[in-house]
Amino acid sequence: MAEVVLLFPPHCDPRGPYLALPSITAFLRDKGVEVVQRDLNIEAFEALLTRENIAKAEETITRELEGPDAERYARLSKAAKVAPYVTENIEGAKRVLRGEEFYEVDKYNWGRKVLALGAEVLSAACHPTQWSLLDYKMRYSPHVSAEVLAATADRRENLFLRFYEDAVVPQVLEEGPSVVGISVETYHQILPGLTLARLLKGRGPHVTVGGALFTKLADRPAALKDLFSVVDSFIVYEGEHALLGLLEGLRAGRGLGEVPNLVYPEGDGVRANRLMAEDLDALPTPDFQDLPLHLYFAPRPVLPLSLSKGCYWRRCTFCEIHHSNTNSSRPYRTRAMEKVVEDIAVLKERHGTEHFLFTDECVAPNRLRALSERLLERKLEIKWACYSRFEKTLDKDLCRLIAEAGCRKLLLGLESGCDRVLSLMDKGIDKKLCRRILEDLKSEGIAVHIFCMLGFPTERKEEAQETLNFILENKEAISTIGLSMDMGIFSLARHSEVY
């Protein structure tokens, strides 16, 4: 039996766990709370992408090929053609992505392709729903409450509804929890996450939903009002003390008015309680122990860790990430490096892994240096990646140091190859600096992921072309093993300076 059950719904990257649930689980267990945590994202990949389910989807597709509209016919026809191949190879593809063949490029690409085809076959049977390794989309908008509620009850098009009913809800209720917490971190999780909430609400536990997405609505809680038909409460910002306070309030049978970061219905309105931020140095090492680390699509566990909360720069005019930390007088907070390195040592020993992803919004160069020096002092041989910034202090010596300490990849926001646009974005960088840093990283064997965007306000066609030209002109510096890139379209974020 568990007092709290924490659930991470589809859809997210299936290559490794996310940090939210293990962090809260560790905190609650440290306070003596019985917790069960489940990553339903990877459980759904494992439970749905099977020979049996692909074959069933093929039967549905074949049956429905008679007389549908043109778009549906084209999609079902394509799915029907590939379904036998996927049925035959789906288990082998999962073995490739979880084993040593992962490192053989051709086999890796084959495994990813088969999984992607499997997701397409299953979602074609729920047309027009689309499920892939990258996203989950229904014809319903995740931004409109009425459509969200309709999606949660659509038995024909909601791909995850039956999975929840068969493999999740009975087990959760059997635990008899007082609280069920559902973490929603991406837009692709909104419809699956609130579907799960609807199935659990009113059946015993208090159902609360947290995560970065709903935190964006913390300054206008009334926008959540319609969703209280499927959710009992929302937790905005950080959830450790909020969940503990919620549990204690329910245990004592008192009101919820003292629970920090809680948003819930009260009378005909919506109440938002006082906000609080966690002391990062007071938090325990994240607890991944009851997650199925063998199921993720990587041959060895890649564990996420955080060195800080917020962004130390906080000036990019297109960005609203900083909003997730506005409940603190210190919007950029760091965890003591000694504690970070101890977290790494504990998790490396506990799970037998040497692979880590630091999930901070942005790791400053001085923190990169401190981390690397302590890893080398402790002789903690790990391989790691993190998000950082193009900075003058990210010089050749620092690139050499972080490479020696195990850094294999930096994820960097170039955004634009036009200095005028970079100035409007207040990035604090120029093309010359970015070119130098890319060359230094290349020389030390550190791969890069580059974020770019097109369509920033006032950007002209020839300036957008400058971004493409920058990539092509610097392909030798950029082209490392592990290179990846996002070339996105500008999106207006409500809490950004540009907005």
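Coordinates for the structure precede this section.
Since this is a predicted model, take the numbers as computed values, not measurements.

A. Up close: the overall build of the protein chain. Helix and strand content of the protein chain: 18 helices and 17 strands. In summary, the protein chain has a C-alpha radius of gyration of 23 Å against a globular reference of 23 Å for 499 residues, a match within 12%. Principal-axis analysis of the C-alpha atoms gives the protein chain an extent of 60 × 60 × 50 Å. For the protein chain, with 499 residues in total, the buried portion stands at 55%. When the accessible surface of the protein chain is totalled, it reaches about 21800 Å², and 51% of it is carbon and sulfur. Seen as two clouds, the 65 positive and the 74 negative side-chain charges of the protein chain have centres 2 Å apart.

B. Structural detail: the packing of helix 3 (residues 51–64) against helix 5 (residues 105–124). Axis separation between helix 3 and helix 5 bottoms out at 8 Å; the angle between their running directions is 45 degrees. In terms of their interaxial angle, helix 3 and helix 5 are classed as oblique. Crossing geometry of helix 3 relative to helix 5 is assigned as left-handed. Along its contact with helix 3, which presents Asn53, Ile54, Ala57 and Ile61, the element helix 5 presents Gly118, Val121, Leu122 and Ala124. Of the residues belonging to the contact of helix 3 with helix 5, the class tally is 6 nonpolar, 2 polar and no charged.

C. Looking closely at a nonpolar patch on the surface. Judged by side-chain polarity, Leu468, Leu483, Met485 and Met487 come together as a nonpolar surface patch covering roughly 290 Å² of accessible area. Tracing the sequence through the fold places Met487 in strand 17 (residues 484–489).

D. The arrangement of unusual backbone geometry in detail. Between Pro10 and His11 the backbone carries a cis peptide bond, its omega angle lying at 5 degrees. Within the secondary structure layout, His11 lies in the loop between strand 1 (4–8) and helix 1 (20–30). Although it is not a glycine, Asn261 adopts a positive phi angle of roughly 65 degrees. Inspection of the secondary structure puts Asn261 in the loop between helix 11 (240–252) and strand 8 (262–266). Phi at Glu415 takes a positive value of approximately 70 degrees, unusual for a residue other than glycine. Take Glu415: it is sitting in strand 15 (residues 407–415). Residue Glu415 is classed as buried on the basis of its relative accessible area of 8%.

E. Local environment of the nonpolar core. If you look at the biggest cluster of nonpolar residues, it comprises 124 residues, and the most contacted ones within it are Trp131, Ile344, Leu371 and Trp384. Setting aside chain neighbours within four positions, we find Trp384 in contact with Phe356, Phe358, Leu368, Leu371, Ser372, Leu375, Ile402, Ala405, Gly406, Cys407, Arg408 and Lys409. Within the second largest apolar cluster, 23 residues are counted, among which are Val4, Leu21, Leu246 and Tyr264.

F. Focus on the packing of aromatic side chains. According to the stated counting rule, one finds 15 aromatic pairs in the structure shown. Ring centres 5.9 Å apart and planes at 85 degrees place the aromatic pair Phe45 and Phe297 in the edge-to-face group. Of this pair, Phe45 sits in helix 2 (residues 40–48) while Phe297 sits in the loop between strand 9 (269–272) and strand 10 (302–305), and the two are 252 residues apart along the sequence. One exposure class covers both Phe45 and Phe297, and it is buried. Consider the rings of Phe102 and Tyr103, whose centres lie 5.4 Å apart with planes at 80 degrees: the pair is edge-to-face. A relative accessible area of 46% means that Tyr103 is categorised as partly exposed. The ring of Trp313 carries Arg389 above its face, with NZ or CZ at 3.9 Å from the centroid.

G. Here's a closer look at the pairing of strand 6 (residues 206–210). Counted residue by residue, strand 6 has 5 buried out of 5 residues, so it is predominantly covered. A two-sided burial pattern is seen for strand 6, the buried positions comprising His206, Thr208 and Gly210 on one face and Val207 and Val209 on the other. Here strand 5 (residues 179–183) pairs with strand 6 via 5 bridges, running parallel. Directly across from Gly181, in strand 6, lies its bridge partner Thr208. Sheet analysis places strand 6 next to strand 7 (residues 233–235), joined by 3 bridges and oriented parallel. For Val209, the partnering residue across the bridge sits in strand 7 and is Phe234.

H. A look at helix 1. Of all 11 residues making up helix 1, 8 are buried, and the element is well covered by its neighbours. Buried within helix 1 are the following residues: Leu21, Pro22, Ser23, Ile24, Thr25, Ala26, Phe27 and Leu28. In this structure, the buried side of helix 1 is in contact with strand 1, strand 2 (35–39), strand 5 and helix 11.

I. Highlighting the pattern of salt bridges. Applying the stated criterion across every chain yields a total of 38 salt bridges. Glu104 is paired through a salt bridge with Lys107; the nearest N and O atoms lie 3.5 Å apart. Residue Lys107 is classed as partly exposed on the basis of its relative accessible area, which comes to 33%. In this structure, the salt-bridge partner of Glu157 is Arg156, at a minimum N-O distance of 3.2 Å. A relative accessible area of 39% means that Arg156 is categorised as partly exposed. Residues joined by salt bridges that share partners form a network here, namely Glu46, Glu91, Lys94 and Arg98.

J. Broad picture of empty space enclosed by the protein. Enumeration over the complete set of coordinates arrives at 1 cavity of 30 Å³ or more. The calculated volume of the largest cavity comes to roughly 40 Å³. When grouped by side-chain class, the residues that make up the lining of the largest cavity number 7 nonpolar, 1 polar and 1 charged.

What counts, and at which threshold
- Residues numbered from 1 in each chain as written.
- Predicted model: local features only at pLDDT ≥ 70, side-chain atom pairs only at ≥ 80, totals over all residues.
- Heavy atoms only, no water.
- Helix = DSSP H or I, 4+ residues; strand = E, 2+ residues; numbered from the N terminus.
- Rg over C-alpha atoms; globule rule 2.2 N^0.38 Å.
- Buried < 20%, exposed > 50% of the residue type's maximum accessible area, 1.4 Å probe, protein only.
- Areas by Shrake-Rupley, 256 points an atom, 1.4 Å probe, with all protein chains shown as cover.
- Lys, Arg positive; Asp, Glu negative; His and termini not counted.
- Charge placed at Lys NZ, Arg CZ, Asp CG, Glu CD.
- Axes fitted to C-alpha atoms, helices over the stretch in contact; angles between N-to-C directions.
- Parallel < 35°, antiparallel > 145°, perpendicular 65-115°, else oblique.
- Left-handed = near helix turned anticlockwise from the far one by under 90°.
- Contact = heavy atoms within 4.5 Å.
- Nonpolar A, V, L, I, M, F, W, Y, C, P; charged D, E, K, R; others polar.
- Patch = residues over 30% accessible without salt bridge, like charges linked within 9 Å, V, L, I, M, F, W, Y side chains within 5 Å.
- Salt bridge = Lys/Arg side-chain N within 4 Å of Asp/Glu carboxyl O.
- Core = buried A, V, L, I, M, F, W, Y, C linked by side-chain atoms within 4.5 Å.
- Phe/Tyr/Trp six-rings, centres within 6.5 Å; stacked < 30°, edge-to-face > 60°.
- Lys NZ or Arg CZ within 6 Å of the ring centre and 35° of its normal.
- Pairing = 2+ DSSP bridges.
- 1 Å grid on protein atoms, 1.4 Å probe; cavity = no way out; pocket = protein on both sides within 12 Å on 5 of 7 lines; lining within 4 Å.
- Points joined across faces, edges and corners; volume = space filled by probe spheres on them.

No statement about biological role is implied by the geometric values presented.
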